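What follows is each chain in one-letter form.
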Amino acid sequence: MNVAASPRPGSVTRRYSNSQTPRIPPSPRVGSKPPTSPLPPYQTPAGATSRRLLNGRVRYHHFLLLLVIYGAYRFIASRPEIPIPSSMSFCPSSTSHRHVPTVILQAEPSSTKDSNRTYWVGGNKPAKFLPLAYPPRDLRLAQSIVGDGAKVVHRKGKGNLHSHEPEEGKQVCEIHRVPASAPPALPKKWSHNKVMFGMSTTADRVLYNLPVWSHWLPSHDHPLDPTTPITKDLPLVLILTPPPNPTEKARRMEALDEAQVLGMFVEMRDLESDRFETRYFALAQEMWAEAEIREREQGVRTEWFIFSDDDTFFPDFNSLVRMLSQYDPDKPHIIGALSESTHQVEQWGHLAYGGAGIYVSRAMLEKMNAPGMWETCLTNFGSSFGGDAMVTNCAALATDKTVQEVLTLDETLHQLDIRGDGTGWFQSGFLITSLHHWGSWFTLFPPWHESGSGDLRTGVTLVGKAAKAIGGDNWGRRYIFEDGKVTVNIGYSVTVELKALTEAELEKSEHTWWEFETFHPIREGLLESVDKRTYYITGVRVLGDGVVRLEHKNREGERVDIVWDGRGEKKGGWGRKPKESPKVVKREDKALEGK
């Protein structure tokens, strides 16, 4: 028996014959309410029509979208592959009117930061650098070009140098492949707010050094607003100053405003103290208290506390991070360096010298702030000369060790207690994570150099710019050409020697400074323009991703450029193959691996 489904309460059942169509109700009169359909809108004939129209439009739009995607794919697939510029594409065109002697160094990232600090290009078959000007005894690289572009000579008098006839330029760069290190990379879980810097100085010195700090100190690329919590992503620089007078208060406000404009997180507090050393040592308490506040209020956990001077400089901040990442902050560590000066160490002893930076782990600073420990350290070591001595001795006391046992020395940190002309030290191939005294004890460049006098901040910032461009681990590496005749200190200088240097001589620093002997062996200094001619760096130009032009000038204003191609060997990246092999070269008498 067929049982018809009973209609729902309140519903109307309509039946139509095959020949009968539903009657369309008359249009409602003006002002009357429209009739209420007993069916949901999507079940009415009008609703079904609207639904079909909507579905059709959606399908049409989907079809158009797929058509656009397919067309974009065909367009991209049909485009010719853009070749990666070769090294030679960065070589400037030379004419007899204009010629900049240029050497291209293709950096093969095959070395650790410590290896190949001095590398003989060509090994037993010394590589040529660039032609010298005439006469050769002037030790100047040729600044003019004649002939087919393969020969570079120095022209006397005016000659073609002042001719205005059009001349086709030629690329005459030499290419050499050299070992290098890849730029230091930040650890995956690293955050800049894991470090805190502490200094004891004055508002005037802060204001003077802020432009230099802006080179190495992580900051935001826009001014800070002190009312927002954006500073929790940045490292804090906590500065203790003597109680200021009205003039110093104004200078402090000016310094803080300038720091905010530069996007740096800087706080300054006054602290009454009988000695500078005591105020410096008080940073141990102040930084720990501030770290606890940041962790409690912002969730920022400080792992490393860095005691530094206001003229401590980090050429490449990533190198500092890499050094700290080698240690566990939850274990007690204090890392530092002795002075390079034998006299200073004999006088002040074995301790972490503050100008190079003192790097204290969270676990160590917590021990130094155990109940009564800071006060005990102040009683025992409060009369020490130097707050750095107080910090070092307190760390030893807190861990029940001797200073020699507790202090970890890192040879890339440099106190630099030398005076006068520091060029010989910087041409020694040292690896530098930090340096000190750049604006007071010594000069980075000779007085005739455009950054060697006047505002010394220009010179140290230039060094930092070069280090960032080529990687801090590469700055200062030495590449030796022509069997010791030409030395390239990458990122710093190019030197042409009257007498080729031997390996034994290159193991020593040229003694250009006038006070304090160093632990590192030294050799006699040479006279500029007589025994040697040096081209010091004057400019750093980024030409492309991983490609940098380092510009140098000598005393006469003549120029030589190094194009540093740090992209590594890739398809089409380096172009034609140079004469040298990128492998570590061993000379017959001695291998230079590891120097």
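Right above here is the structure, for reference.
Residues numbered from 1 in each chain as written. Predicted model: local features only at pLDDT ≥ 70, side-chain atom pairs only at ≥ 80, totals over all residues. Heavy atoms only, no water.

Asker: Any details on the overall build of the protein chain? Residues and values, ideally.
Answerer: The helix and strand tally for the protein chain stands at 13 helices and 23 strands. Taking the intrachain contacts of the protein chain between residues at least 6 apart in sequence as the baseline, contacts between residues at least 24 apart amount to 71%. Accessible surface for the protein chain amounts to roughly 30500 Å². Of this, 54% is attributable to carbon and sulfur atoms. (Helix = DSSP H or I, 4+ residues; strand = E, 2+ residues; numbered from the N terminus. Contact = heavy atoms within 4.5 Å. Areas by Shrake-Rupley, 256 points an atom, 1.4 Å probe, with all protein chains shown as cover.)

Asker: Any chance you could break down helix H9 (residues 387–398) for me, citing the residues and the numbers?
Answerer: Across its 12 residues, H9 extends 16 Å between first and last C-alpha, which sits within 8% of the 16 Å expected from 1.5 Å per residue. Counting buried residues in H9 gives 10 out of 12 residues, a clear majority hidden from the surface. Downstream of H9 by one or two residues, Asp400 has phi in the positive range, about 60 degrees. (Expected span 1.5 Å × (residues − 1). Buried < 20%, exposed > 50% of the residue type's maximum accessible area, 1.4 Å probe, protein only.)

Asker: An account of the state of the cysteines is requested, with residue identities and associated values reported.
Answerer: In the structure shown here, the tally under the stated rule is 2 disulfides. Here Cys91 connects covalently by a disulfide to Cys173, the sulfurs 1.9 Å from one another. With the S-S bond torsion at 90 degrees, the cross-link from Cys91 to Cys173 turns out right-handed. One end of the pair, Cys91, is in the loop between helix H1 (45–78) and strand E1 (102–109); the other, Cys173, is in the loop between strand E4 (151–153) and strand E5 (174–180), with 82 residues separating them in the sequence. The exposure classification of Cys91 matches that of Cys173, with both residues buried. Bridging Cys377 to Cys394, the disulfide has an S-S length of 2.2 Å. Measuring the twist about the S-S bond at about 80 degrees, one finds the Cys377-Cys394 disulfide to be right-handed. One end of the pair, Cys377, is in helix H8 (residues 373–381); the other, Cys394, is in helix H9, and 17 residues separate them in sequence. A residue is classified by how much of its surface remains accessible, and Cys377, at 1% relative accessible area, is buried. (Disulfide = S-S within 2.5 Å.)

Asker: Can you lay out the packing of helix H2 (residues 203–216) against helix H12 (residues 457–470) for me, pointing to particular residues and giving the numbers?
Answerer: A pair of packed helices is characterised by two quantities: the angle between their axes and the separation of those axes. Their axes nearest at 9 Å, the elements H2 and H12 cross at an angle of 10 degrees. Here H2 is positioned roughly parallel relative to H12, judged by the angle of their axes. Of H12, the residues touching H2 (which contributes Tyr208, Pro211, Val212 and His215) are Arg457, Val460, Thr461, Gly464, Lys465 and Lys468. When grouped by side-chain class, the residues that make up the contact of H2 with H12 number 4 nonpolar, 3 polar and 3 charged. (Axes fitted to C-alpha atoms, helices over the stretch in contact; angles between N-to-C directions. Parallel < 35°, antiparallel > 145°, perpendicular 65-115°, else oblique. Nonpolar A, V, L, I, M, F, W, Y, C, P; charged D, E, K, R; others polar.)

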